[in-house]
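Structural overview
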Amino acid sequence: MYAVQCGKCFKWRKIQTQEEFEVIRANVTKDPFVCNKKFKVKCDDPAEIEYDSSRTWVLDKPDVPKTPLGFHRDVILRKDFSKMDVHYTSPEGKRLRSLVEVATFLEENPKYKDSISVEDFSFTTPKVVPETVPKDFVSKLSAEKKIVKHSGKMFLKSP
DNA sequence: GCCACCGGTGGC
DNA sequence: GCCACCGGTGGC
């Protein structure tokens, strides 16, 4: 599960799919998320989810490029909740773990060269928020964030 | 033999 | 101190 925080009222809005989430995230600096970007939602409406300790929150980074068509971007929380790992899977199932591996892959698969470059990939990991959250944590956020519930659900917070 | 997963580190 | 990256490996 994903959520974004409205840049105006700071309420949380759920985002249904990774696809939708990635579009918001890819453009969030030049096009900040606000409530009324969601169909029939306004800042006056109650928050769809509250920030609390029932979930482990994970702070995502802004402006991660949208995953190229046919590729998958997986963000995996380690069992000890210490950090997350990012990897991509190519259309043919090749697992890519770094920009170096992406560059090599694109060299070996020139059919992608016209449409895809290494700049379409980012291995930036969301940051796991510690259990003890500073009182001013929410107000200090300048980027968006993502949360992971213990079931693996995710949320994103925007400025 | 593969790969999901984790630990360590170099560079910033 | 953080994090992108990669080597190693245990379990299948």
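In this convention, every chain numbers its residues from 1, walking through the sequence in written order. Whichever chain is written first is A, and whichever ligand is written first is 1; the rest continue in order. Two thresholds apply to this predicted model, a pLDDT of at least 70 for residue-level local features and 80 or more for giving and counting side-chain atom pairs, whereas whole-chain, interface and lining totals are computed over all residues. Processing note: side-chain calculations cover all non-hydrogen atoms of the structure and skip hydrogens and water entirely.

As recorded by an unreviewed UniProt entry, chain A carries the name MBD domain-containing protein and is attributed to Apium graveolens. Among the UniProt annotations of chain A, the heading Subcellular location (unreviewed entry) holds the following wording: "Nucleus". UniProt positions are given in the numbering used here, feature names are shortened, and annotations may be inferred rather than shown by experiment.

Section: unusual backbone geometry
In this structure, Asp 63 takes a positive phi of about 65 degrees despite not being glycine. Helix and strand assignments come from DSSP, with helices taken as H or I runs of at least 4 residues and strands as E runs of at least 2, each series counted from the N terminus. With respect to the helices and strands, the residue Asp 63 is situated in the loop between strand 3 (56-59) and strand 4 (72-77). Only protein chains enter the area calculation, which uses a 1.4 Å probe; residues under 20% of their type maximum are buried, those over 50% are exposed, and those in between are partly exposed. Using a relative accessible area of 34% as the deciding quantity, one classes Asp 63 as partly exposed. Despite not being glycine, Phe 81 shows a phi value in the positive range, around 60 degrees. Here Phe 81 shows up in the loop between strand 4 and strand 5 (84-89).

Concerning the sheet that holds strand 4
As summarised here, the arrangement of the three strands in space is 4-5-6, forming an open sheet in which the pairing is antiparallel. The two strands at the open ends of the sheet, each matched to only one other strand, are strand 4 and strand 6 (95-96). Any two strands are treated as partners once DSSP identifies two or more bridges connecting them. Here strand 4 runs beside strand 5; their pairing, made up of six bridges, is antiparallel. Bridging from a neighbouring strand, His 72 pairs with Thr 89 of strand 5.

What about the protein's contact with DNA strand B?
Around DNA strand B, a shell composed of Arg 78, Lys 79, Lys 83, Arg 95 and Arg 97 is seen. A molecule or strand has a residue near it when one of that residue's heavy atoms lies within 4 Å. Atoms of DNA strand B within 4 Å of the protein: sugar and phosphate make up 32%, bases the balance. Here a base nitrogen of DNA strand B and a side-chain polar atom of Arg 78 are 2.7 Å apart. In protein, a polar contact means a hydrogen-donor-capable atom and an acceptor-capable atom, both N or O and within 3.5 Å, with residues adjacent in sequence counting only if both atoms are side-chain atoms; elsewhere, any N or O pair within 3.5 Å suffices. Between DNA strand B and the protein, one listed contact pairs a phosphate oxygen with a side-chain N or O atom of Arg 95 at 3.4 Å. When residues are grouped by polarity, Ala, Val, Leu, Ile, Met, Phe, Trp, Tyr, Cys and Pro land in nonpolar, Asp, Glu, Lys and Arg in charged, and all others, Gly among them, in polar. Class assignment for the residues of the surface near DNA strand B results in no nonpolar, no polar and five charged.

Re the domain arrangement of chain A
As assigned here, chain A comprises domain 1 (1-52), domain 2 (56-128) and domain 3 (133-159). Relative placement of domain 1 and domain 2: their C-alpha centres are 23 Å apart. In this complex, domain 1 contributes 14 residues to the contact, which on the side of domain 2 involves ten residues. Buried area: the accessible area, evaluated with a 1.4 Å probe, that two parts lose upon being put together, summed over both parts. Each partner contributes to the roughly 990 Å² buried at the junction of domain 1 and domain 2, and carbon and sulfur atoms together form 48% of this total. The largest share of the area that domain 1 buries against domain 2 comes from Glu 22, Arg 25 and Ala 26, three residues that together contribute 50% of it. On the surface where domain 1 and domain 2 come into contact, there are seven residue pairs in polar contact (both at pLDDT 80 or more). Top element by residues in the side of domain 1 that touches domain 2 is helix 1 (residues 18-26). It accounts for seven residues. Classifying every residue of the side of domain 1 that touches domain 2 gives six nonpolar, three polar and five charged. Reported domain spans reflect what an automatic or database domain assignment gives. When checking whether two residues touch, look at their non-hydrogen atoms; a contact exists if any pair is within 4.5 Å.

Topic: the protein's contact with DNA strand C
With respect to spatial proximity, the complete set of residues near DNA strand C consists of Lys 83, Arg 97, Ser 98, Leu 99, Val 100, Phe 123, Thr 124 and Thr 125. Close to the protein, within 4 Å, the atoms of DNA strand C belong to sugar or phosphate groups at a rate of 60%. In the model, a phosphate oxygen of DNA strand C is placed 2.2 Å from a nitrogen or oxygen of the Ser 98 side chain. Between Thr 125 and DNA strand C, the recorded distance is 3.0 Å, taken from a backbone N or O atom to a phosphate oxygen. Grouping the amino acids of the surface near DNA strand C by side-chain chemistry returns three nonpolar, three polar and two charged.

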